[in-house]
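These are the residues of each chain, in order.
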Amino acid sequence: MDRQKQKISISDKMSKLIYLERFLFVGAGCLLVGISFLISSLFLYRFMEDRFERQQRNPAYFDSYTASGYSAVEIQYLTDYFAEHIKEGYRLYIGFDSTLKPFILCLEGELPKELQALMDYTYSQEDDPMPETAHISGFCRPLNSEIMGFARDSYSMMWDESEQLPISSDDLSAMVGNYYLDIRPSSFQKEYPWAKAIFAVPVLFLFTGSLYLFRYQKRLKTCRKRLEQCFEWLPIADRELADTKEFRKGLKIYLTKHYLILAVYYFDMIPLADIAELSENLNILMAVTKDGSNHMIIERHKCRGGYDQLKAELQRKIQDAQYIQRFTDAYDTM
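So, here is what we can say about the structure in this document. Here the structure is a predicted model, which means the values were calculated and not measured.

Owing to its 3.6 residues per turn, the α-helix aligns residues three or four sequence positions apart on the same side. Along its 30 residues, helix α7 (residues 200-229) runs 44 Å from first to last C-alpha, staying within 8% of the 44 Å computed at 1.5 Å per residue. Within α7, burial applies to P202, G209, Y216, L220, C223 and L227. For α7, the elements touching its buried residues are α1 (12-19), α2 (22-57), α8 (234-242) and β10 (268-271).

Here the focus is the environment of Y65. With respect to the helices and strands, Y65 occurs in the loop between β1 (60-61) and β2 (70-78). Assessed through its relative accessible area of 36%, Y65 is described here as partly exposed. Each C-alpha atom of the pair Y65 and A174 lies 8.8 Å from the other, and the pair is 109 residues apart in sequence. With residues near it in sequence (within four places) discarded, Y65 still touches K101, S173, A174, M175, G177, N178 and Y179.

Let's shift gears to the sheet that holds strand β8 (residues 253-255). Taken in spatial order, the three strands make up an open sheet running β8-β9-β10, and their pairing is antiparallel. With one partner strand each, in any of the chains shown, β8 and β10 form the two edges of the open sheet. Between one strand axis and the next, the sheet turns by 10° as a mean value, whatever way the strands run. Sheet analysis places strand β9 (residues 259-262) next to β10, joined by four bridges and oriented antiparallel. What sits directly across from Y259, in β10, is P271. Set on the sheet, α8 makes contact with β8, β9 and β10; between it and β9 the angle comes to about 80°.

This next bit is on the nonpolar core. Membership of the largest hydrophobic core comes to 22 residues, with the highest contact counts inside it found for I253, L260, I275, L278, I297, I298 and L314. The set of elements that each furnish at least two residues to this core consists of β8, β9, β11 (275-281), β12 (284-289), β13 (294-299) and α9 (307-332). Of the residues forming this core, the biggest block, five residues, is contributed by α9. Excluding residues that lie within four positions of it along the chain, I297 makes contacts with I253, L260, L262, V264, Y265, L278, L285, M286, A287 and L314. In this structure, F82, I94, I147 and M148 belong to the second largest nonpolar core, which totals 19 residues.

Rules behind the numbers
- Residues numbered from 1 in each chain as written.
- Predicted model: local features only at pLDDT ≥ 70, side-chain atom pairs only at ≥ 80, totals over all residues.
- Heavy atoms only, no water.
- Helix = DSSP H or I, 4+ residues; strand = E, 2+ residues; numbered from the N terminus.
- Expected span 1.5 Å × (residues − 1).
- Buried < 20%, exposed > 50% of the residue type's maximum accessible area, 1.4 Å probe, protein only.
- Contact = heavy atoms within 4.5 Å.
- Pairing = 2+ DSSP bridges.
- Axes fitted to C-alpha atoms, helices over the stretch in contact; angles between N-to-C directions.
- Core = buried A, V, L, I, M, F, W, Y, C linked by side-chain atoms within 4.5 Å.

Written out as structure tokens, the structure is:
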């Protein structure tokens, strides 16, 4: 019968050593945490979008002295723009609300008809009827010294020198406040470009989990190849494992009568009679088999207080197994 088609049932104890590696637990754990964070981030992102939309549907009253988010105001008068950003294409204006309180507003492109009508009336010398106030809304943004400098020069030129001296920055700040109204079209992504950063944490966990599971798959593939090499004596090793305790709890090292079974870093199963020698390099105990292969057993710091005992016990087991092997070989040649 073809070896690949044969099936051997192994104990749960052996199965756990073969399949339950830390890469599986860490990978699965990271994926679960990543999925949980991803779902939470999606809900949070959607909540922020809904809040943004609600603000635009129900804007607060624009108060140029406090940060009021998305705000609205009724504008009665509007001056010509006093500053223009050529690259970004927006202009800054001084407007007056229905109580004649001045404030600064920003918009791009041509003025809407209702605002153009208010500007024409502001500069008109005729006794034209006053147009209705215009309702404008936008985001409340902080004023900086550069904007205030342009605004001060423009505001000073609105009045005759006989009526008012050039206004100071402090006086202008007291009138127009600390914020201006930006009525340019905007979007949630534009206002909160950092919002997508909330997905960084779940992506990191998902990537880490996928990486660990990928490494687990690679180790499992290597483990299966190793099991194919010990296919014939796997049932014997499994029976011996059932009656053998861990060398030390939590180490996943088993010294059976004929085999060294390991699952410290990866699963490995070595016939004791095949071990030519034990070597130690950088405080790592290695088993060198007769075919020249090196098998990592454990690092010294992982077996504090029992490292030398493990080495001595393993050496004794190897000598016993090799003695039995020589006796068996001699008997078979008789």
